[in-house]
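# Structural overview for review
Here's the letter readout for the chains.
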Amino acid sequence: MTAAGWRTVEYLTAFLVGGALCAIGQLVIDGTRLTAGHTMVLYVVAGAVLGAAGLYEPLVRFAGAGAAVPVSNFGFVLTRGILDHLAREGWWGILSGTFELAGAALSAVILLALVAAVLFRPRG
Amino acid sequence: MPAAPAAPAGALRRLGQGSIRFRLPPRIVAGYTVVGPMEGKGPMAGYMDTVLEDTYYGERCWERTESKMLKEAVQNALRQARLQEADVDLSFTADMLGQLVASSFAMRSSTLPHVGIYSACASFAGALALAGMAVEGGFARRAVVAASSHHDAAERQYRFPTELGVQRPPTSQWTVTGAGAVVVSGEASDQGILVAEATFGRVMDMGIKDPFDMGTAMAPAAADTLVRHLQHTGRRLEEFDLVLTGDLGRVGSRVFLDWLEERHGVSLDGRHSDCGALLYNPARQDVHSGGSGLGASACTVSGYLLKAMNRGLVGRVLLVGTGCLHSQVTHFQGESIPVVAHAVTLERPGLAG
Amino acid sequence: MASQTQTRQRQQQADFLQFARRRRPRPSYLKNALWAFLVGGTIALVGQLLTSAFMALGLAAQQASARAAVALVFLGALLTALGVYDELARFGGAGAAIPITGFANSVVAPAMEFAREGYVFGMAARMFQVAGPVVVFGVAAATVSALARWLITGGMR
């Protein structure tokens, strides 16, 4: 397969899987009493559990950003961080590893929120 | 000397539990409304006095905006009535902010004695009835009644930060950004639309828990108050040109009309309108079930209804303000939503019966 | 006496709840799901493009993905600050809420909103008002799951 052909499949898979995960979430919100907030929690927990079960990593390898962009990935990288540290440092890793991979996004969001709050006014 | 409005023969002032008839009906001398840009693009925009260009009105936060709107509605209502504050004895105002701060902060620059009222979105109707009692009872020469709500101030207090991406269900309503004020007078020299009768509502709770479905929650209260009003006043529905509910919205109105017909045997038969549904154009404005908030009834009455009645388009209207009495805390604690509805009969002077 | 009134009240409530439920308008399930699919898919696509771009700069897959995530956080924050993310979410629904851009929106929006009450007690204190549950339950679930895996696999990664 040519380089360009490989790329297209990548992008298509990302689009389809990412879209599907969001569509499922939408159906959950519309069809049950769960709110968007509940659904996000469900997704992050699912990502964490599937990550520990070894099922999320294959999904990421298959769909790339399609699995890495939804908030379920947050749960996955939290689990991943803890497992890495457990292997490296033993029991202490259960606490020290949590934000190893997720830390960058968290730091970024806090700093950006701060800047946005200072520079911008809500439009309503 | 202008004749005092005729009182029904053998008139009792207390008609039943919570229902009153004014022997010498107080007159609504003047009204004034201040509404936001969205309301300024709605079907009743032409009847509103001040339309804001943006949601901030020059203030640094929306709470101050709501307060400013309420203050200006009160001041301008007095101006329209050609009155000074010294000519008025009482003010009853209501708003949607916690601890009624919009009212307090609005009235701190006024010399009028003030009482804050809270019946959620039924406040304007309730305050109108109370002001009528104060005036007709001779306890006040005149009283100002005003209520306000602001969409963004309400949103950030009751629901979500305004820039948060949320999708609302079809039953949800859009809080009206608007303040409406009227001057109610018992002075013989003052003329205007009559506040003829009123029925205060009972707090009801039909088990609805969804704060995004308030119209449905309030429907039974509106029905209960309407039925009690008819029973106590002895009026037939045909005597009213219009039954105007506060903010049931389109969804709540459907539930209200059906519930009224099937459980109370009362058919409104095309005689019903809802302030929340009237304020916006559903085809062009994304308000789902319609408008809600104290501003809905306050602005519809102070802006549109007074003008329509003064022009003779409508003779007798039953205003049924409806309100949801929950808070964010009670919602998260799993409680259902208690509701209330207050009714006021408004009449053009000179109507028979 | 009191229990009779209570029973009657509960019966009335049950009656009304059923009455109301029959009249409750349903959301357009298909339309909403479709829009969520399109919006969510597009954001994932953008994420994939960013990941490819970072890989083209010589980074390994995981590192590129991490940087793409931060780039999306920046995008979500920017659109929130400009006041357009909520417009996107009106029709995008879960398609705007579930991607990491939605996570950024859920932190930046309260920060902007509550800055009115000051930077300490407003913005900073309430910044995680919406996203808090995701972090809290994410950490809890990850810790329990990782521990379970570690114990079950006898200490293997």
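Since this is a predicted model, take the numbers as computed values, not measurements.

## Side note on the overall build of chain C
Scanning chain C for helices and strands turns up eight helices and zero strands. Along its sequence from the N terminus, chain C presents helices and strands in the succession α-α-α-α-α-α-α-α. Its C-alpha atoms put chain C at 80 × 50 × 40 Å along the principal axes. Within chain C, contacts between residues at least 6 apart in sequence are counted, and of these 57% link residues at least 24 apart.

## Structural notes on the interface of chain C and chain A
Contacts between chain C and chain A engage 60 residues on the former and 59 residues on the latter. When residues of the side of chain C that touches chain A are traced back to their parent elements, those giving at least two are helix H2 (29–56), helix H3 (61–81), helix H5 (94–97), helix H6 (100–114) and helix H8 (132–152) of chain C. Split by residue class, the side of chain C that touches chain A holds 43 nonpolar, 14 polar and three charged.

## Brief notes about the nonpolar core
Membership of the largest hydrophobic core comes to 113 residues, with the highest contact counts inside it found for Ala77(B), Ala131(B), Ala143(B), Val145(B) and Val183(B). Filtering out sequence-adjacent residues up to four positions away, Ala131(B) remains in contact with Leu90(B), Phe92(B), Ala143(B), Val145(B) and Val184(B). The next biggest cluster of nonpolar side chains, apart from the first, holds 88 residues, and it includes Ile29(A), Val41(A), Ile82(A) and Leu164(B).

## Some remarks on the environment of Val44(A)
Its place among the elements puts Val44(A) in helix H2 (residues 36–52). Sequence-wise, Val44(A) and Ala63(A) are 19 residues apart; in three dimensions their C-alpha atoms are separated by 18 Å. The residues touching Val44(A), leaving out its near neighbours within four places in the chain, are Val71(A), Ser72(A), Phe74(A), Gly75(A), Val134(C), Phe137(C), Gly138(C) and Ala141(C).

## Structural notes on the pairing of strand E7 (residues 142–149) of chain B
Residues in a regular strand point their side chains to alternate faces of the sheet. Residue and element names in this part refer to chain B. Across the eight residues of E7, eight count as buried, placing the element largely inside the fold. The side-chain alternation of E7 yields two buried faces, one formed by Arg-142, Val-144, Ala-146 and Ser-148 and the other by Ala-143, Val-145, Ala-147 and Ser-149. Strand direction decides the pairing type here: strand E5 (residues 90–95) and E7, joined by six bridges, are parallel. What sits directly across from Asp-95, in E7, is Ser-148.

## Here's the deal with the pairing of strand E3 (residues 27–35) of chain B
Residue and element names in this part refer to chain B. Here E3 lies mainly inside the structure; nine of its nine residues are buried. Of the strand pairs in this sheet, E3 and strand E9 (residues 178–185) are connected by eight bridges, and their pairing is antiparallel. Paired with Val-34 across the two strands is Ala-179, which belongs to E9. Sheet analysis places E3 next to strand E10 (residues 193–199), joined by two bridges and oriented antiparallel. Bridge assignment links Arg-27 to a residue of E10, and that residue is Leu-194.

## Quick word on the environment of Phe74(C)
With respect to the element layout, Phe74(C) can be found in helix H3. Given 15 C-beta atoms within a 10 Å radius, Phe74(C) is considered partly exposed. Setting aside chain neighbours within four positions, we find Phe74(C) in contact with Ala108(A) and Leu112(A).

## A few points about the environment of Arg121(A)
All names here are of chain A. By the element assignment, Arg-121 lies in the segment after helix H7 (103–119). Residue Arg-121 is classed as partly exposed on the basis of its C-beta count, with 16 C-beta atoms lying within 10 Å. For the pair formed by Arg-121 and Ser-72, sequence separation is 49 residues and the distance between their alpha carbons is 30 Å.

Quick notes on the rules
- Residues numbered from 1 in each chain as written.
- Chains lettered and ligands numbered in written order.
- Predicted model: local features only at pLDDT ≥ 70, side-chain atom pairs only at ≥ 80, totals over all residues.
- Helix = DSSP H or I, 4+ residues; strand = E, 2+ residues; numbered from the N terminus.
- Contact = placed C-beta atoms within 7 Å.
- Nonpolar A, V, L, I, M, F, W, Y, C, P; charged D, E, K, R; others polar.
- Core = buried A, V, L, I, M, F, W, Y, C linked by C-beta atoms within 7 Å.
- Buried ≥ 20, exposed ≤ 12 C-beta atoms within 10 Å, placed from the backbone.
- Pairing = 2+ DSSP bridges.

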